[in-house]
Amino acid sequence: MKTQRPEQELTWSWGYRPRSALDRVKAMAPPPPLTPSTPLLHGEFGSYPARGPRFALTLTPQALHIQRLRPKPEARPRGGLVLLTEVSGCCTLRSRSPLDSAAYFCVYTYPRGRRGGRRRAARTFRADGAATYEENRTEAQRWATALTCLLRGLPLPGDGEITPDLLPRPPRLLLLVNPFGGRGLAWQWCKNHVLPMISEAGLSFNLIQTERQNHARELVQGLNLSEWDGIVTVSGDGLLHEVLNGLLQRPDWEEAVKTPMGILPCGSGNALAGAINQHGGFEPALGIDLLLNCSLLLCRGGSHPLDLLSVTLASGSRCFSFLSVAWGFVSDVDIQSERFRALGSARFTLGTVLGLATLHTYRGRFSYLPATVEPASPAPAHGLPRAKSELTLAPAPAPPVAHSPLHRSVSDLPLPLPLPQPALTSPGSPEPLPILSLNGGGPELAGDWGGAGDAPLSPDPLLPSPPGTPKAAQLSPISEGASEMAASSGLPSPTPGAPVAISAGGPPDHLLPPLGTPLPPGWVTMEGDFVLILAILPSHLGADLVAAPHARFDDGLVHLCWVRSGISRTALLRLFLAMERGNHFSLGCPHLGYAAARAFRLEPLTPRGVLTVDGEQVEYGPLQAQVHPGLGTLLTGPPGCPGREA
């Protein structure tokens, strides 16, 4: 199967997934260039309530500029710059009063506070420059459409009219929530933070709570994937591991693995989310802040090729990894800290302290195919070549990559469950204020209520539902029923003790001979005592651990790190503390080694130990793995410049 070249970066819109080579070329075509300060729209708006100040709004490709005009212009405007990186979505509204001819334009934002955390804010502006509601509605929709196009990366017409017809078809997302993720707060965080934000963005979704291990893997095996534009897990890395291997177990795995996958971090191990957060240009974050950052990126839409690692275990079974393979200290801490899961991410801190106190070494043989070596043939060679030297230098920084724009679209599907919010009312208004979103089911405009006598506002969708649009209940059997979330898929339960997420499908490993046979020429082999061996694909080992700072989602490489025996506990702790900033390679530790590879083989010579794939324990024994460049698709949101929040 033809794979994406590592140096290429490919994105496409929420509602469109390219299938052919021509489609992919069109998807990579850049839009007409716009400078960050180019004014796209400018106009005067009132506020809600109507007796509030008036504003001059200017929309540029990077921000919405707000200047107060009356009653008195501000010398130092507060909140006068709304960065699009902090906007989840927008909508148009109308008054319930038949005497009000104005239309309303609302923007949902998540700016950072003084202490660094994000807080939701909704800004509502009154379009009242024309005499009739229809004319004011056209102006409000023009602004909402232009802002939505910028959020999705859609090109705006140079001289043409900006109308809602510019927006593509609605996306459909399947959300899988592990209610036991992290400290058991995943479901609460999903209800309080994720669902309101993606509703503001106009994303349609169905939501399922997983009930047991491998439930997600079973679910995706039976899905009609043509009905979904993406599968998003709301948990830690383990749930996405199940989804990935479920897709690759399908008979149609070649098409199934192209389904965009996303992750919203609500677990204790959020390594991939940390890498997505860095890719989006946000500052390092943990907990709720990391969740909100990743949710903002999801609302913007856009996908990116994702390298996958096929791992062949000692029994001959194979599973796929998007994250890492670990042996030694890292896997010991990961598995032994399971009993502290109630502590959330702090379990790894405690596990590290305990692991340092009982530091073990493991004897093994480690071989890899360097990235710079082009194998002549997958046929096995005679003899096992030994390593001429060990690489202990820090990897060179990856070259900058040109990013193409990313897209998303509004939704026309009803939400499958009510959002957990109180029925708020406007002061002086006897009826509850409506839920404001294009779905008619998003969060309320908290803090933007009118005064006594101000009529509440109603949603005014940008796009009507097109004829023939399927309803949520018609999408898939998983959404049938009246309950808030779908129940069990009805598939048989996994066999107790079975290996986690084993995949029978997937592409062949043309770089690997069978386990137990000699390796081809060009491989490097080392044998000795190790404290840890780590093979990692993305940059992050945890939300706050940057193990391979130069790694990219589609660089076509597996990044190998190892620590030889003889390192002191203090030096090992210093390495992990430096890993929080990604500068552990600059410490010059003589026990730390690194290599970029396309494939590797690990043969433990110690009779007992722990091996993990994506943080999940697998059978102990020899294993080997190969990178498959760009095999998967990851929902990452738009790329950003590091430090753009500063």
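Residues numbered from 1 in each chain as written. Predicted model: local features only at pLDDT ≥ 70, side-chain atom pairs only at ≥ 80, totals over all residues. Heavy atoms only, no water.

## Here's the deal with the overall build of the chain
Here comes step 1: When helices and strands are tallied, the chain shows 12 helices and 24 strands.
Here comes step 2: Buried positions account for 56% of the 646 residues belonging to the chain.
Here comes step 3: Sequence separation of at least 24 residues holds for 75% of the intrachain contacts in the chain that already meet a minimum separation of 6.
Here comes step 4: Split by element, the accessible area of the chain, about 26600 Å² in all, is 56% carbon and sulfur. (Helix = DSSP H or I, 4+ residues; strand = E, 2+ residues; numbered from the N terminus. Buried < 20%, exposed > 50% of the residue type's maximum accessible area, 1.4 Å probe, protein only. Contact = heavy atoms within 4.5 Å. Areas by Shrake-Rupley, 256 points an atom, 1.4 Å probe, with all protein chains shown as cover.)

## Thoughts on helix α12 (residues 569-579)
Here comes step 1: Listed as buried for α12 are Ala571, Leu572, Leu575, Phe576, Ala578 and Met579. Projected down its long axis, α12 carries its buried residues within an arc of 160 degrees, all on one side. (Arc of directions from axis to C-beta.)

## Quick word on the sheet that holds strand β4 (residues 81-83)
Here comes step 1: Taken together, 8 strands build an open sheet; the order of strands is β4-β3-β2-β1-β7-β6-β5-β16 and the sheet is antiparallel. Each end of this open sheet is capped by a strand with a single partner; those strands are β4 and β16 (457-459). Strand after strand, the sheet turns through a mean of 35 degrees between neighbouring axes, direction not considered.
Here comes step 2: Judged from the 7 bridges that link them, strand β6 (residues 103-109) and strand β7 (residues 121-127) form a sheet pairing that is antiparallel. Bridge pairing links Tyr104 to Arg126 in β7.
Here comes step 3: Its contacts with the sheet put helix α2 (residues 133-152) on β1 (41-47), β2 (54-59), β3 (63-70), β5 (87-95), β6 and β7, and the angle it makes with β6 is roughly 20 degrees. (Pairing = 2+ DSSP bridges. Axes fitted to C-alpha atoms, helices over the stretch in contact; angles between N-to-C directions.)

## Here's the deal with the pairing of strand β21 (residues 592-604)
Here is the key point about a regular strand: its side chains alternate between the two faces of the sheet.
Here comes step 1: Judged by how many residues are buried, β21 sits mostly within the fold: 11 of 13 residues are covered.
Here comes step 2: In the sheet, strand β15 (residues 362-370) pairs with β21 via 7 bridges, with the strands oriented antiparallel. When the sheet's bridge partners are listed, Pro370 is paired in β21 with Ala597.
Here comes step 3: Strand direction decides the pairing type here: strand β20 (residues 558-564) and β21, joined by 6 bridges, are antiparallel. Bridge pairing in β21 links Val558 to Ala597.

## A few points about the side chain of Thr525
Here comes step 1: Positionally, Thr525 belongs in strand β17 (residues 524-536).
Here comes step 2: Here Ser367 takes part through its side chain, which lies 2.8 Å from a polar atom of the side chain of Thr525. (Polar contact = N/O pair within 3.5 Å; in protein donor to acceptor, adjacent residues only side chain to side chain.)

## Re helix α5 (residues 237-248)
Here comes step 1: A rise of 1.5 Å per residue sets the reference length of α5, with its 12 residues, at 16 Å; its end C-alpha atoms lie 17 Å apart and thus fit the reference within 8%.
Here comes step 2: Buried residues dominate α5, accounting for 11 of its 12 residues.
Here comes step 3: By the burial criterion, the buried members of α5 are Asp237, Leu239, Leu240, His241, Glu242, Val243, Leu244, Asn245, Gly246, Leu247 and Leu248. (Expected span 1.5 Å × (residues − 1).)

## Structural notes on the packing of aromatic side chains
Here comes step 1: In total, this model carries 13 aromatic pairs according to the counting rule given.
Here comes step 2: Between Phe105 and Trp143, the aromatic rings sit 6.3 Å apart at their centres with planes inclined by 50 degrees, giving tilted as the arrangement. A residue pair is termed long-range when its members are at least 10 positions apart, and Phe105 in strand β6 and Trp143 in helix α2 qualify at 38 residues. Neither Phe105 nor Trp143 differs from the other in exposure class; each is buried.
Here comes step 3: Among the aromatic residues, ring-to-ring pairing joins Phe45, Phe55, Phe105, Phe125 and Trp143 into one connected group. (Phe/Tyr/Trp six-rings, centres within 6.5 Å; stacked < 30°, edge-to-face > 60°.)

## Some remarks on unusual backbone geometry
Here comes step 1: Its identity as a non-glycine residue notwithstanding, Asn214 has a phi of 70 degrees, on the positive side.
Here comes step 2: Tracing the sequence through the fold places Asn214 in the loop between β9 (204-209) and α4 (215-221).
Here comes step 3: Notably, Asp614 is not glycine yet its phi reads approximately 55 degrees, a positive angle.
Here comes step 4: Assignment of secondary structure puts Asp614 in the loop between β22 (611-613) and β23 (616-618).
Here comes step 5: Judged by relative accessible area, Asp614 falls into the buried class, the value being 3%.

## Some remarks on the environment of Val330
Here comes step 1: Along the chain, the position of Val330 falls in helix α9 (residues 329-336).
Here comes step 2: When the C-alpha positions of Val330 and Gly615 are compared, they lie 9.2 Å apart, and in sequence the two are 285 residues distant.
Here comes step 3: Not counting residues up to four positions away in its chain, the partners in contact with Val330 are Leu532, Leu541 and Phe576.

## Considering the confidence of the model for the chain
Here comes step 1: Taken over all residues, the pLDDT of the chain has a mean of 77, while the share at 70 or more is 70%.
Here comes step 2: The low-confidence segment residues 373-453, where pLDDT is below 50, has 241 contacts with residues more than four positions distant or belonging to other chains.
Here comes step 3: The low-confidence segment residues 464-500 (pLDDT under 50) makes 62 contacts with residues lying over four places distant or belonging to another chain. (pLDDT = per-residue confidence, 0-100.)

## Describing the pattern of salt bridges
Here comes step 1: Taken as a whole and judged by the stated rule, the model has 16 salt bridges.
Here comes step 2: For Asp529, the salt bridge identified is with Arg363, shortest N-O distance 3.2 Å. Residue Asp529 is located in strand β17, and its partner Arg363 is located in strand β15; the two are separated by 166 residues in the primary sequence.
Here comes step 3: With relative accessibility at 36%, the residue Arg363 sits in the partly exposed group.
Here comes step 4: Between Arg365 and Glu603 there is a salt bridge; the shortest N-O distance is 3.5 Å. Taken together, the positions of Arg365 in strand β15 and Glu603 in strand β21 put the pair 238 residues apart, joining distant regions of the chain. (Salt bridge = Lys/Arg side-chain N within 4 Å of Asp/Glu carboxyl O.)

## Description of the pairing of strand β10 (residues 230-235)
Here comes step 1: The buried count for β10 comes to 6 of 6 residues, which makes it a mostly enclosed element.
Here comes step 2: Judged by which residues are buried, β10 turns out to be covered on both faces: Gly230, Val232 and Val234 on one side and Ile231, Thr233 and Ser235 on the other are all buried.
Here comes step 3: As paired elements, strand β8 (residues 172-177) and β10 share 5 bridges and run parallel to each other. Note that in β10 the partner of Leu176 across the bridge is Thr233.
Here comes step 4: Across 5 bridges, β10 lies against strand β11 (residues 261-265) in parallel orientation. When the bridges of β11 are listed, Val234 appears paired with Leu264.

## Details of the packing of helix α7 (residues 271-279) against helix α8 (residues 287-300)
Here comes step 1: Remark: α7 packs on α8, axes separated minimally by 10 Å, with the N-to-C direction vectors making an angle of 60 degrees. Our classification of the angle between α7 and α8 gives oblique. Crossing of α7 over α8 shows left-handed handedness. Listed contacts from α8 to Ala273, Gly274, Ile276 and Asn277 of α7 are Leu290, Asn293, Cys294 and Leu297.
Here comes step 2: Its residues assigned to classes, the contact of α7 with α8 comprises 5 nonpolar, 3 polar and no charged. (Parallel < 35°, antiparallel > 145°, perpendicular 65-115°, else oblique. Left-handed = near helix turned anticlockwise from the far one by under 90°. Nonpolar A, V, L, I, M, F, W, Y, C, P; charged D, E, K, R; others polar.)

## Structural notes on the environment of Pro507
Here comes step 1: Among the secondary structure elements, Pro507 is positioned in the loop between α11 (472-475) and β17.
Here comes step 2: With relative accessibility at 8%, the residue Pro507 sits in the buried group.
Here comes step 3: Between the C-alpha atoms of Pro507 and Glu254, which are 253 residues apart in sequence, the distance is 8.2 Å.
Here comes step 4: With residues up to four places along the chain from it excluded, the contact list for Pro507 reads Trp253, Arg318, Phe320, His628 and Leu631.

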